[in-house]
Amino acid sequence: MKKMILKGLVFFLAFVLTVLIMGKIMNKDRENMTMEMAQATLPVVTMEYEGVKYNTLYGYTSEMDVSFQRDTVTMLDEERSANFIVDCFGRAISQIRVEVRSIDGERLIEDSEVSGWSREYNQIYGTFSLKDLLEKEKEYSLAIVLVLDDGEVHYYTRALWSDKSYTKEKLDFIRDFHERLYDRDQAKALTKYLESNSRLQDNKSFHYVNIHSSFKQITWGDLAVKEVAKPAITLKENNGQTASFWMDYQVTVEGENTDTLYRVREFYRIRYTKDRTYLLNYERTMDQIPDVEHMCANDKILLGIVDSNVQMMESGDGNVVAFEVADRLFSYNVTTNKLSELFGFYNETNTDKRDMYDQHDVRILSIDEGGNVYFAVYGYMNRGRHEGKSGIAVYYFKPAYNTVEEIAYIPYDKPYSVLKCQMENLLFVNREGNMYLSLENHLYLICLEDREVKELVELTRDDSLYVSDGQKMVVWKTGSDMIHCRELKILDLNTDNITSVWCGYGESMQPLGFMGEDIIYGVAKDEDIQIENLGHVTFPMYKICICNADGEILKEYRQDGYYVTGCTMEDNQITLTRVQKNDSGSYKSAIDDHIVSSVQEVVGKNLVVAADIDVYERYVQIQVRKDIDTKTLQLLTPKEVLLEGGRAVNLAGESDAERYYVYNGYGVSGIYTDESNAVAAAYTNAGTVINELGQLVWVKSARVSKNQIMAIKEPEQKVGIDESLGVCLDTILKFEGIVGNSAEMLERGMSAIEVLERQLPDARILDLNTCTLDAVLYYVNQDIPVLAILNNGDAVVITGFNEQNVVLFEPSSGKLYKKGMNDSTKWFSENGNCFITYIE
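Residues numbered from 1 in each chain as written. Predicted model: local features only at pLDDT ≥ 70, side-chain atom pairs only at ≥ 80, totals over all residues. Heavy atoms only, no water.

1. A word on the overall build of the protein
- Scanning the protein from N- to C-terminus turns up 12 helices and 59 strands.
- In summary, the protein has a C-alpha radius of gyration of 30 Å against a globular reference of 28 Å for 840 residues, a match within 12%.
- Principal axes of the C-alpha set define a box for the protein whose edges measure 115 × 75 × 55 Å.
- Burial statistics for the protein: of 840 residues in total, 54% are counted as buried.
- Partitioning the intrachain contacts of the protein with sequence separation of at least 6 by distance along the chain shows that 58% fall at a separation of at least 24.
- In the structure as shown, the protein presents an accessible area of about 39,200 Å², 46% of it carried by carbon and sulfur atoms. (Helix = DSSP H or I, 4+ residues; strand = E, 2+ residues; numbered from the N terminus. Rg over C-alpha atoms; globule rule 2.2 N^0.38 Å. Buried < 20%, exposed > 50% of the residue type's maximum accessible area, 1.4 Å probe, protein only. Contact = heavy atoms within 4.5 Å. Areas by Shrake-Rupley, 256 points an atom, 1.4 Å probe, with all protein chains shown as cover.)

What follows is the structure in structure tokens.
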């Protein structure tokens with residue numbers, strides 16, 4: 001018996017020794033197949049205007065769609081010249097060129113070599129002067145091209161030659177405003193620009209302050225703040241009197257034992273006049289840069305002054321938590337007491353401005369009980385194998401080997417701001433390794449194991465796709481008729497299952513949103529649906545259904561005599577917007593109704609908490625499920641796995657749908673297929689609308705005090721209401737030098753939009769239904785007439801305005817006359833704000 005035990009022990013020890021030796025060999029092989037992320041290598045270009053540095057440009061090594069490179073605007077002086085500085089970072093530069101194109105990128109205007117530049121140590125100083133081919137007050141696409149030893153690098157901006165920009169005055173204002181914030185006595189002069197209001201801003205966090213914050217809050221409260229370096233200024237927009245700027249910089253806050261480093265961004269929107277400068281908006285964000293050595297205490301991971309909406313995901317058992325803070329991704333394993341930094345372009349050893357450039361996002365996609373994490377990095381790639389490119393990189397962290405491996409890379413030819421807006425809508429990976437994303441009006445499924453791509457559906461309208469807040473359920477309409485739709489597709493992203501939900505014959509369906517992960521949709525009878533004037537749709541739903549992923553009805557709402565036209569979800573309550581039918585067949589507003597959700601919010605084992613800490617105010621932390629032993633805590637930095645073969649995934653789907661991109665001071669805030677939705681969003685948020693060709697569609701800017709299209713005269717004769725639309729259309733066509741017979745086309749069943757599309761083939765017709773009068777006067781300010789159609793079929797053309805009136809061409813009265821601005825606003829609103837105009 002003893003011999004058997006001894007023999008078994010020998011075999012066991014031999015087995016353990018073999019495993020250890022083999023593991024060491026395998027780990028050694030794995031170490032030989034890993035590496036640190038490569039350092040940044042590209043130079044950086046900074047523009048200069050009258051001695052002020054601004055617009056730091058980062059280079060692209062792959063071909064980009066220049067029509068979407070709208071992150072900065074560079075001003076040209078009277079001689080069409082601009083100064084620039086190149087930080088070479090040790091790179092040899094053999095040639096510098098400038099390329100100038102039309103703003104849509106279609107027409108090359110100039111491609112010239114820059115001469116006369118000089119290099120001093122590690123910087124190049126130069127000036128370029130553009131040819132006499134530019135028009136004043138018109139934007140152009142500009143690329144500065146550096147020729148390096150391994151190829152060309154493009155640095156994109158917009159160029160504007162203007163004598164009405166007041167750029168120096170605007171720069172002086174924001175620089176003075178910024179510098180005064182560090183001295184309360186000096187800052188008292190700024191109070192006239194602030195709109196402090198505690199009801200709009202609670203003054204409880206330094207992470208975000210704005211124009212409504214208190215004077216004390218905007219001047220850093222009791223924080224001992226010290227600026228590390230001069231701010232980097234970015235000119236985002238410059239439209240005559242108004243302009244938008246960013247200021248990026250770092251500050252330290254003095255603590256008891258050590259100083260803490262923060263990155264800060266200020267946003268300014270100002271209006272300059274010769275009498276004074278107006279501060280239209282001011283915002284400041286402040287984010288603590290992670291201090292890994294001092295990140296944990298007791299049962300908390302200390303994040304500090306950051307957004308309390310921390311991106312965090314935990315494993316099913318709660319033993320592993322992944323979180324992102326200040327563009328760096330971490331994972332903490334409660335069981336093994338290991339804190340791993342999975343990703344970050346910047347860290348303790350990579351801190352130059354190329355590493356700190358923040359035009360990318362990190363997204364946690366999934367995490368399992370073993371601590372394996374799928375995550376994505378999308379936007380501009382600061383360094384590494386994709387340096388200087390834009391795209392989506394998907395990675396997989398394996399804690400067993402302490403490695404991060406790139407699984408897929410999707411190249412993209414537009415900048416971060418355009419990509420971000422789409423990735424926020426849908427980017428998801430399930431346990432089977434299947435990734436779902438919506439990009440460029442398509443919904444895709446990508447199998448990460450073999451990188452095969454399947455296009456699930458093309459999205460042709462703004463309301464084509466609905467995604468739950470948790471990004472686990474997706475719903476879309478089927479068929480080409482988006483109004484009379486009888487089938488909805490429900491996709492469960494966790495299981496890859498697609499379910500169809502149908503309504504009855506003579507009925508149509510409309511998705512409305514989600515209650516948790518359950519789907520809310522409405523059903524209307526086709527006979528009740530009304531399509532008016534410019535395609536305005538009244539979709540009165542006689543019942544509202546809530547179903548699960550399998551299409552099983554969980555709850556149904558209906559009330560005789562009432563119809564639902566929309567709904568909103570807040571907390572656990574659904575508010576239904578309702579109407580009733582009049583005897584005439586039209587609909588009138590009714591009292592809202594409510595559905596209370598029984599869905600309980602799932603609370604994880606690891607929680608994001610915020611505590612108010614003396615001078616720091618709101619201090620954000622992650623409370624983990626047990627105390628962290630800081631003495632035995634292991635800090636790990638995984639290495640990248642060297643790739644064999646490519647990981648590129650090319651998405652070939654193309655869409656014919658027109659797209660409208662809404663830009664605000666921070667980038668793209670929305671992408672729409674409906675131009676009226678885009679203009680309405682830009683109007684609300686002081687933004688700009690660009691179409692898919694890069695053409696300017698609309699911009700929120702100060703218009704002149706008065707303007708009138710004098711070429712449009714009083715109607716030649718009075719006509720009936722039923723003839724007024726044809727006359728208005730002919731008047732617009734005549735203004736464009738075209739003789740037409742619009743009445744005949746209308747009699748053949750063509751709509752007003754179809755008539756203009758036929759007669760103005762080189763123009764894009766804009767259906768601006770539901771936009772306000774104030775918004776559409778932008779076009780009249782540009783000498784473009786606006787057609788308005790009333791509920792009774794009458795039509796007018798808006799041809800001018802001043803501060804008190806609009807000028808209307810009205811065939812049914814035979815007059816060209818002025819109508820009060822307030823009265824006109826109310827009149828058009830009561831008639832549905834049915835506007836049509838166009839751009840060249």
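Still to come is the rest of the account.
2. Describing empty space enclosed by the protein
- Counted under the stated rule, the structure contains three cavities of 30 Å³ or more.
- Looking at the largest cavity, its volume works out to about 70 Å³.
- Lining the largest cavity are Met37, Phe345, Met381, Arg383, Gly384, Arg385, His386, Tyr395 and Glu640.
- Of the residues contributing to the lining of the largest cavity, the split by class is four nonpolar, two polar and three charged. (1 Å grid on protein atoms, 1.4 Å probe; cavity = no way out; pocket = protein on both sides within 12 Å on 5 of 7 lines; lining within 4 Å. Points joined across faces, edges and corners; volume = space filled by probe spheres on them. Nonpolar A, V, L, I, M, F, W, Y, C, P; charged D, E, K, R; others polar.)

3. Concerning the pairing of strand β41 (residues 553-557)
- One ladder, built from four bridges, connects strand β40 (residues 543-547) with β41; its direction is antiparallel. What sits directly across from cysteine 547, in β41, is isoleucine 553.
- Taking the residues that link successive antiparallel strands as the turn, the β40-β41 hairpin has five residues, and the phi of glycine 551 there is positive, at about 85°. (Pairing = 2+ DSSP bridges.)

4. Describing the packing of aromatic side chains
- What the rule picks out here adds up to 29 aromatic pairs.
- For the pair tyrosine 616 and tyrosine 619, a centre-to-centre distance of 6.1 Å together with 75° between the ring planes defines the contact as edge-to-face.
- Clustering of aromatic rings is evident, with ring pairs tying together Tyr58, Tyr60, Tyr156, Tyr357 and Tyr380.
- Between arginine 578 and the ring centre of tyrosine 562, over which it is positioned, the NZ or CZ distance is 4.1 Å.
- The ring of phenylalanine 801 has arginine 703 lying over it, and the distance from NZ or CZ to the ring centre is 5.2 Å. (Phe/Tyr/Trp six-rings, centres within 6.5 Å; stacked < 30°, edge-to-face > 60°. Lys NZ or Arg CZ within 6 Å of the ring centre and 35° of its normal.)

5. Comments concerning the side chain of glutamine 422
- Within the element layout of this structure, glutamine 422 appears in helix α6 (residues 416-423).
- Residue glutamine 422 is classed as buried on the basis of its relative accessible area, which comes to 9%.
- Within polar-contact distance, the side chain of glutamine 422 engages the backbone oxygen of valine 418 at 3.2 Å. (Polar contact = N/O pair within 3.5 Å; in protein donor to acceptor, adjacent residues only side chain to side chain.)

6. Some words on α6
- With respect to burial, α6 is a largely interior element, seven of its eight residues being buried.
- Listed in full, the buried residues belonging to α6 are Tyr416, Ser417, Val418, Leu419, Cys421, Gln422 and Met423.

7. Thoughts on the sheet that holds strand β11 (residues 151-161)
- Read across the open sheet, the five strands follow the order β4-β11-β10-β6-β7; overall the sheet is mixed. Because the sheet does not close on itself, it has two edges, and the strands there are β4 (73-76) and β7 (108-113). Strand-to-strand, the axes of this sheet are offset by a mean angle of 30°, without reference to chain direction. (Axes fitted to C-alpha atoms, helices over the stretch in contact; angles between N-to-C directions.)

8. What to know about the side chain of serine 366
- Residue placement: serine 366 occurs in strand β24 (residues 360-367).
- With residues near it in sequence (within four places) discarded, serine 366 still touches Met313, Asn372, Val373, Tyr374 and Val429.

9. So, the pattern of salt bridges
- What the rule picks out here adds up to 45 salt bridges.
- Between arginine 97 and glutamate 99 there is a salt bridge whose closest N-O contact spans 2.9 Å. Across this residue pair, the class does not change: arginine 97 and glutamate 99 are buried.
- Taking the shortest distance from any N to any O, the salt bridge between glutamate 152 and arginine 97 comes out at 2.8 Å. Highlighted residues: glutamate 152 in strand β11 and arginine 97 in strand β6 (residues 93-102), separated in sequence by 55 residues.
- Residue glutamate 152 is classed as partly exposed on the basis of its relative accessible area of 38%.
- By relative accessible area, which is 12% here, arginine 97 ends up buried.
- Linked through salt bridges whose partners overlap, the residues forming this network are Arg70, Glu139, Arg158 and Glu237. (Salt bridge = Lys/Arg side-chain N within 4 Å of Asp/Glu carboxyl O.)

10. What about the nonpolar core?
- Counting 77 residues, the largest nonpolar core has Phe128, Phe177 and Met286 as the members making the most contacts within it.
- Ignoring any residue separated from it by four or fewer positions in sequence, one finds phenylalanine 177 in contact with Leu190, Tyr193, Leu194, Tyr268, Leu279 and Tyr282.
- Formed by 58 residues, the second largest nonpolar core is a distinct cluster that contains Trp698, Val780, Ala795 and Phe828. (Core = buried A, V, L, I, M, F, W, Y, C linked by side-chain atoms within 4.5 Å.)

11. A short note on the packing of helix α8 (residues 721-735) against helix α10 (residues 752-759)
- As a packed pair, α8 and α10 sit with axes 11 Å apart at the nearest point and diverge in direction by 25°. Considered as vectors, α8 and α10 are oriented roughly parallel to each other. When the axes of α8 and α10 are compared, the crossing they make is right-handed. Touching Leu725, Leu729, Ile732 and Leu733 of α8 are Ala752, Val755, Leu756 and Gln759, all from α10. (Parallel < 35°, antiparallel > 145°, perpendicular 65-115°, else oblique. Left-handed = near helix turned anticlockwise from the far one by under 90°.)

12. Re the pairing of strand β23 (residues 338-343)
- Of all the six residues making up β23, five are buried; the element is thus mostly covered by neighbouring parts of the structure.
- Bridge count between strand β22 (residues 328-333) and β23: five bridges; the pairing is antiparallel. Looking at the pairing, phenylalanine 330 lines up with glutamate 341 of β23.
- Following β22, the chain reverses through four residues before pairing antiparallel with β23; asparagine 337 in that reversal takes a positive phi of roughly 55°.

13. Details of the environment of phenylalanine 330
- Topologically, phenylalanine 330 is positioned in strand β22.
- Through-space distance from the C-alpha of phenylalanine 330 to that of glutamate 341 is 4.4 Å; in sequence the pair is 11 residues apart.
- For phenylalanine 330, the contacting residues outside a window of four places in its chain are Pro290, Val292, Met295, Val321, Ala322, Phe323, Val325, Leu339, Ser340, Glu341 and Leu342.

14. With respect to the confidence of the model for the protein
- Looking at the protein, pLDDT values average 91 and 95% of them are 70 or higher.
- Every residue in residues 19-32 is under pLDDT 50, and counting partners more than four places away or in other chains gives four contacts. (pLDDT = per-residue confidence, 0-100.)

15. Section: the state of the cysteines
- Applying the stated criterion to the full structure yields zero disulfides.
- For cysteine 503, which is in no disulfide, the shortest distance to another cysteine sulfur is to cysteine 485 and amounts to 7.2 Å.
- By relative accessible area, which is 9% here, cysteine 503 ends up buried.
- Unpaired in terms of disulfides, cysteine 547 finds its nearest cysteine sulfur in cysteine 545, a separation of 7.8 Å.
- Overall, cysteine 547 belongs to the buried group, its relative accessible area being 1%. (Disulfide = S-S within 2.5 Å.)

16. Some points on a negative patch on the surface
- A cluster of like negative charges, contributed by Glu50, Asp77, Glu79 and Glu169, occupies part of the molecular surface.
- Mapping aspartate 77 onto the fold places it in the loop between β4 and β5 (81-87).
- Residue aspartate 77 is classed as partly exposed on the basis of its relative accessible area, which comes to 34%. (Patch = residues over 30% accessible without salt bridge, like charges linked within 9 Å, V, L, I, M, F, W, Y side chains within 5 Å. Lys, Arg positive; Asp, Glu negative; His and termini not counted. Charge placed at Lys NZ, Arg CZ, Asp CG, Glu CD.)

17. Regarding the environment of lysine 353
- Considering the arrangement of structural elements, one finds lysine 353 in helix α5 (residues 353-356).
- What makes lysine 353 partly exposed here is its relative accessible area of 34%.
- Each C-alpha atom of the pair lysine 353 and alanine 143 lies 20 Å from the other, and the pair is 210 residues apart in sequence.
- Setting aside its immediate chain neighbours within four residues, lysine 353 contacts Val44, Thr46, Tyr58, Asp87 and Phe89.

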